[in-house]
Amino acid sequence: MELTTNGFRHQVDIERDTPLLWVLRDELGMTGTKYGCGLAQCGACTVLVDGQATRSCVTAVESVAGSEIMTIEAITEDPVGQKVVEAWVSNQVPQCGYCQSGQVMAATALIKQSPRPSDEDIAGAMINLCRCGTYNAIAAAVRQAAEA
């Protein structure tokens, strides 16, 4: 099966129902996308599939063949992703950092879809869990990235 990830084509010999998360991590060596819950609840595994925030732990790899997949490893190559990362650093968002790749991916998708998100838009889109509770810093970073 062929996957396009971060602008590169990859051939993978994998069961079609394998979760995308494990293909990214185990087959392609892209370990920035994290395993959290395995139930699409926490968001640590969030990647962009054709620009949409997608929980890779429950997404069968066959469903994304032919799509453009972006992981945290390439996020700064995207102009919006670069602004999000800069805002994350400026606002000192991460504490432990485990959920942050998924948070950055979700924020990038939000700003790409809604360049000037309202506080309600941010609250509705930024539903990934953060055990450290940095939600206020996350929201501030999203607002800053949208204003940049």
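This is a predicted model, so every value here is computed, not measured.

A.B. asks: Explain the pairing of strand S2 (residues 8–11) to me, please; I cannot follow it from the model alone.
C.D. replies: Along a regular strand, successive side chains alternate from one face of the sheet to the other. Two elements, strand S1 (residues 2–5) and S2, share 4 bridges in a ladder whose sense is antiparallel. The residue bridging Leu 3 from the neighbouring strand is His 10, located in S2.

A.B. asks: Got a minute to help me understand the packing of aromatic side chains in this structure?
C.D. replies: Here the distance between the centres and the angle between the planes together describe a pair of aromatic rings. Under the defined criterion, the tally for this structure stands at 1 aromatic pair. Judged by centre distance (5.4 Å) and plane angle (35 degrees), the ring pair of Trp 22 and Tyr 35 falls under tilted. With Trp 22 in helix H1 (residues 20–27) and Tyr 35 in the loop between H1 and strand S3 (46–49), the pair connects residues that are 13 residues apart, well separated along the chain. Looking at Trp 22, the relative accessible area reads 30%, which means it is partly exposed. Take Tyr 35: its relative accessible area is 36%, and that puts it in the partly exposed class.

A.B. asks: Just to check I follow, could you spell out the layout of surface pockets for this structure?
C.D. replies: Any empty space left between the atoms is revealed when a probe the size of a water molecule rolls over them. In this model, the largest pocket occupies a volume close to 190 Å³. Along the wall of the largest pocket there are 13 residues; nearest its centre are Tyr 98, Cys 99, Leu 129, Cys 130 and Arg 131. In terms of residue class, the lining of the largest pocket is made up of 8 nonpolar, 4 polar and 1 charged.

A.B. asks: Just checking my understanding: could you explain the sheet that holds S3 for this structure?
C.D. replies: Strands pair in a sheet through their backbones, by hydrogen bonds, and they do so in one of two ways: parallel or antiparallel. As summarised here, the arrangement of the 5 strands in space is S2-S1-S5-S3-S4, forming an open sheet in which the pairing is mixed. Each of the sheet's edge strands pairs with one partner strand only, and the pair in question is S2 and strand S4 (52–55). Shown here is a sheet whose adjacent strand axes are inclined to one another by a mean of 40 degrees, direction ignored. Along the sheet, helix H3 (residues 100–113) contacts S3, S4 and strand S5 (68–70); its crossing angle with S3, the most-contacted strand, is approximately 35 degrees.

A.B. asks: What is the right way to read the environment of Tyr 135 from this model?
C.D. replies: For Tyr 135, the location among the structural elements is in helix H5 (residues 135–147). Taking the C-alpha atoms as reference points, Tyr 135 and Asp 13, 122 residues apart in sequence, are found 39 Å from one another. What Tyr 135 contacts, discounting residues up to four positions off in sequence, is Asn 128, Leu 129 and Cys 130. One polar contact links the side chain of Tyr 135 to the main-chain amide nitrogen of Cys 130, over a distance of 2.8 Å.

Conventions used here
Every residue gets a number counted from 1 within its own chain, in the order that chain's sequence is written. Side-chain atom pairs in this predicted model are given and counted only at pLDDT of 80 or more, local residue features only at pLDDT of at least 70, and totals for whole chains, interfaces and linings cover all residues. Side-chain measures were taken over the full set of non-hydrogen atoms in the model, leaving aside hydrogen atoms and water. A pair of strands is treated as paired once DSSP finds two or more bridges between them. Secondary structure elements follow DSSP: runs of H or I no shorter than four residues count as helices, runs of E no shorter than two count as strands, and numbering proceeds from the N terminus. To pair, rings of Phe, Tyr and Trp, with the six-membered ring standing in for Trp, must have centres within 6.5 Å; the planes then decide the type, stacked if under 30 degrees apart, edge-to-face if over 60, and tilted in the middle. The buried label applies to any residue whose accessible area, calculated with a 1.4 Å probe on protein chains only, is under 20% of its type's maximum; exposed applies above 50%, and partly exposed to all values in between. Each cavity reported here is a set of points on a 1 Å grid over the protein atoms alone in which a 1.4 Å probe fits but cannot get out, each pocket an open set with protein on both sides within 12 Å along at least five of seven lines, and each lining residue one with an atom within 4 Å of a point. Grid points are joined across faces, edges and corners, and a volume is the space filled by probe spheres set on the points. Amino acid classes used here: Ala, Val, Leu, Ile, Met, Phe, Trp, Tyr, Cys and Pro are nonpolar; Asp, Glu, Lys and Arg are charged; the rest, including Gly, are polar. Think of each axis as a best-fit line through the C-alpha atoms, taken over the contacting stretch in the case of a helix, with angles from 0 to 180 degrees between the N-to-C directions. Any two residues whose heavy atoms approach within 4.5 Å are treated as being in contact. Residues adjacent in sequence count toward polar contacts only when both atoms are side-chain atoms; beyond that, a polar contact is any pair of N or O atoms within 3.5 Å, and within protein one must be able to donate a hydrogen and the other to accept it.

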